[in-house]
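# Analysis of the macromolecular model
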Amino acid sequence: MSKPRIAIFDFACCEGCQLQIVNLEEEILDLLGVADVVEWREAMSEQSHQYDIAIIEGSITRPADEARLRVIRNRAEVLVALGACATIGGINKLKNNFELEEVKEYVYGKAAGMPHLETAATKAVDEVVEVDYKIHGCPIDGKEFSYIVRCLLMGKKPEIPEYPVCVECKAKGNPCLWEYGQICLGPVIRAGCGARCPSSSFRCFGCRGYVDDPNVDAAKDVIQKYDLTIADLKSKMVLFGSKQEPTVV
Ligand code: SF4
Ligand code: SF4
Ligand code: SF4
């Protein structure tokens, strides 16, 4: 029986999530035992138009990217968005808060009008094509990547946390940063990182995106306890997936 074929593609991003995959070292060799990686620009020169699983890193920032992504989607049975740039638009979405021409001129100066610098509002992958699975985080967690890919190779549905960061944070016994005046986004952001930031006394700033189905009452209780509003929380969701709307509103 032939092995499932995996292709990894990058769009607008820093490639830090791919680096997390490379850092898996021995685990990558294990995965290669059960799957064929047929295209991965960061790690090999071969290319292929035939693959079963397409993994997409990066956000979609140009019309040409949308066309390329649609071709990939049509070729793949399963499409996975890798990292915050792909899952929620990530840091690249900051651009959408400004006029595009203003942004281009700021970055490229007099060269802003060159044809190859054509740009558009930044989109997450699922704003262009259907996404089957998302691997969250900026950067992703290598172990979570390995788990999700293994599930896909075994034909199993991976379990991706559908509860907020606060659950993991409280399970670790961390003091709540709201007590110390930090507006931590933990009540509305998807867990799975092991509450990495609050465990280091730094507020969650939302890299895993809003949880799909938050416990609205609990989140509102926390917010009201500290005399804040949902708008205060939203104002802190500026770095990742800018203008994304939380479902607690
Ligand atoms: S999600 Fe973060 S680490 Fe991954 S590619 Fe985007 S900016 Fe880089
Ligand atoms: S709000 Fe932040 S610091 Fe407080 S419990 Fe939730 S994740 Fe932890
Ligand atoms: S605590 Fe928040 S910002 Fe930090 S890694 Fe987890 S989801 Fe991302």
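Residues numbered from 1 in each chain as written. Chains lettered and ligands numbered in written order. Predicted model: local features only at pLDDT ≥ 70, side-chain atom pairs only at ≥ 80, totals over all residues.

This part covers the overall build of the chain. Helices and strands together make up the secondary structure of the chain, namely nine helices and five strands. Helices and strands appear in the chain in the N-to-C order β-α-α-β-β-α-β-α-α-β-α-α-α-α. Summarising its shape, the C-alpha atoms of the chain cover approximately 55 × 50 × 25 Å along the three principal directions. Looking at the 249 residues of the chain, the share that counts as buried comes to 37%. In the chain, 74% of the contacts between residues at least 6 apart in sequence involve partners at least 24 apart. (Helix = DSSP H or I, 4+ residues; strand = E, 2+ residues; numbered from the N terminus. Buried ≥ 20, exposed ≤ 12 C-beta atoms within 10 Å, placed from the backbone. Contact = placed C-beta atoms within 7 Å.)

Glancing now at the site of ligand 3. Around ligand 3 sit 13 residues, and of these Cys193, Cys197, Cys204, Cys207 and Arg208 come closest. Class assignment of the residues belonging to the shell around ligand 3 gives a composition of nine nonpolar, two polar and two charged. (Near = placed C-beta within 6 Å. Nonpolar A, V, L, I, M, F, W, Y, C, P; charged D, E, K, R; others polar.)

All right, on to the site of ligand 2 then. Taken together, 14 residues form the shell around ligand 2, and within it Cys166, Cys169, Cys176, Cys184 and Gly186 come nearest. For the shell around ligand 2, the residue count by class is eleven nonpolar, two polar and one charged.

So, on to the domain arrangement of the chain. Along its sequence, the chain is carved into domain 1 (5–153) and domain 2 (165–236). The gap between the C-alpha centroids of domain 1 and domain 2 is 27 Å. Facing the eight residues of domain 1 at the interface are six residues of domain 2. Examining the composition of the side of domain 1 that touches domain 2, we find that three residues originate from one element, helix H4 (residues 84–88), more than from any other. For the side of domain 1 that touches domain 2, the per-class residue count stands at three nonpolar, three polar and two charged. (Domains from an automatic or database assignment.)

Moving on: the sheet that holds strand S4 (residues 78–82). Pairing in this open sheet of five strands is parallel, and the strands run S2-S1-S3-S4-S5 from one edge to the other. The open sheet has two edge strands, strand S2 (36–40) and strand S5 (133–135), and neither has a second partner. Taking each pair of neighbouring strands and ignoring which way they run, the sheet shows an average axis angle of 20°. Across five bridges, strand S3 (residues 53–57) lies against S4 in parallel orientation. When the sheet's bridge partners are listed, Ala54 is paired in S4 with Leu79. Helix H6 (residues 142–153) contacts S3, S4 and S5 of the sheet and is inclined by roughly 160° relative to S5. (Pairing = 2+ DSSP bridges. Axes fitted to C-alpha atoms, helices over the stretch in contact; angles between N-to-C directions.)

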